[in-house]
Structure formats: structure tokens, C-alpha cells
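# Breakdown of the fold
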Amino acid sequence: MSAIDIHVDKYIDKLKLKNHSGTACSLEVCVKLSETGPVARMGTNKNISLGCSEELDLNKLGIKDEVYVTPYVNVSLGDDSQGKMWFKYKNGVNLEAMYAISGVVNNTKVIFCELNASE
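These remarks concern the structure in this document.

Here is what the cut-offs are and how they apply
- Residues numbered from 1 in each chain as written.
- Predicted model: local features only at pLDDT ≥ 70, side-chain atom pairs only at ≥ 80, totals over all residues.
- Heavy atoms only, no water.
- Helix = DSSP H or I, 4+ residues; strand = E, 2+ residues; numbered from the N terminus.
- Buried < 20%, exposed > 50% of the residue type's maximum accessible area, 1.4 Å probe, protein only.
- Contact = heavy atoms within 4.5 Å.
- Disulfide = S-S within 2.5 Å.
- Pairing = 2+ DSSP bridges.
- Phe/Tyr/Trp six-rings, centres within 6.5 Å; stacked < 30°, edge-to-face > 60°.

Okay, the overall build of the protein chain next. A count of helices and strands for the protein chain gives zero helices and eleven strands. Mapped from its N terminus to its C terminus, the protein chain presents α and β elements in the order β-β-β-β-β-β-β-β-β-β-β. In terms of principal-axis extent, the alpha carbons of the protein chain reach across some 35 × 35 × 20 Å. Looking at the 119 residues of the protein chain, the share that counts as buried comes to 42%. When contacts within the protein chain are restricted to residue pairs at least 6 apart in sequence, long-range pairs at least 24 apart make up 66% of them.

Bringing the state of the cysteines into the picture now. Following the criterion strictly, the structure yields zero disulfides and no others. We note that Cys30 lacks a disulfide partner, and the nearest cysteine sulfur, in Cys25, lies 14 Å from it. Assessed through its relative accessible area of 0%, Cys30 is described here as buried. For Cys52, which is in no disulfide, the shortest distance to another cysteine sulfur is to Cys25 and amounts to 9.9 Å.

With that settled, consider the environment of Phe87. Structurally, Phe87 can be placed in strand β9 (residues 85-89). Sequence spacing of Phe87 and His7 is 80 residues, and the spatial spacing of their C-alpha atoms is 6.2 Å. Those residues in contact with Phe87, other than ones at most four positions away along the chain, are Val8, Lys10, Ile12, Val67, Tyr68, Val69, Ala97, Tyr99, Phe112 and Leu115.

Take unusual backbone geometry next. Trans peptide bonds make up the majority, and among non-glycine residues the majority have a negative phi. A positive phi angle is found at Glu66, which is not glycine, with a value near 80°. Among the secondary structure elements, Glu66 is positioned in the loop between β6 (53-57) and β7 (68-75). Judged by relative accessible area, Glu66 falls into the partly exposed class, the value being 35%.

In this section: the pairing of β7. Summarising burial for β7: seven of the eight residues are buried, a large majority. In this sheet, β7 lies alongside strand β3 (residues 25-32) in antiparallel orientation, the contact comprising eight bridges. Within β7, the residue paired with Val29 across the bridge is Pro71. Here β7 pairs with β9 via two bridges, running antiparallel. The residue bridging Tyr68 from the neighbouring strand is Lys88, located in β9. Where β7 folds back onto strand β8 (residues 81-82) in an antiparallel hairpin, the turn is made up of five residues, including Leu77, whose phi is positive at roughly 60°.

Summed over the entire model, instances satisfying the criterion amount to two aromatic pairs. Between Phe87 and Phe112, the ring centres sit 5.2 Å apart and the planes meet at 50°, which makes this aromatic pair tilted. Placement of the pair is Phe87 in strand β9 and Phe112 in strand β11 (residues 107-117), with a sequence separation of 25 residues. Phe112 sits in the partly exposed class, given a relative accessible area of 28%. The interplanar angle of 70° and the centroid separation of 5.5 Å between the aromatic rings of Tyr99 and Phe112 together place this pair among those described as edge-to-face.

Everything listed here is a matter of coordinates, which is why it stays silent on function.
Okay, here's the thing in C-alpha cells:
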């Protein structure tokens, strides 16, 4: 059975990813205008090594307010993965959605952890 997408009516403006997987990866963002709309990816970030984390500031990407966002993780030499928990984006709300990636090269999973106030 495949996990379903969950859409949350809460605003964020940053994504953070903690790498608990046996891979090197980079953080991007998936964006869609509505719960059922097409998905676009943007905002590549630097490689994140095992045990490290990176933040992606969505305010710097030119994303329009009110769209849904979730992390997309580009896994080096493996299968990419994306979050299933979607939040709405709003510029300047200073709220970060924290996710973690776990697994191995061809079997990773991105999970939502928590919301945090950000600077």
C-alpha cells in the first residue's frame, strides 16, 4: 500500500532536512497550486551528508503565497524521495517544517518531524 499525501492548512516559509539515510542527498522543494494540481520542483541545495541537516529558505525562490510545498530529496546514486505532508507557503511567516530522510540508496523515505519557529 502506498502512503497518501496529507495537506495541512498551516503556513511555513522554510524547509529543513536531517539526513538519517545511508546516502548523500540534496534538498529541493515540490510546489503545487492546489491539492490535486501538477507538481513542480525547484531550489536545489548543496549535498547533505549522513548525520547533517540543511535548510532551504523558500522566501528566496520566488514562490507565490498560498501554494502547497513539501520537500523533494535528490538522492545521489539512488532513488529520489519526497515528503507526503504538504504545507502552505507564505512569505515571511518564520515557521520551518522539519523533515528527516532515512533508508538506503534505493529505498528512502522522507518523514515529517515537527514545526519550529525560525529567524
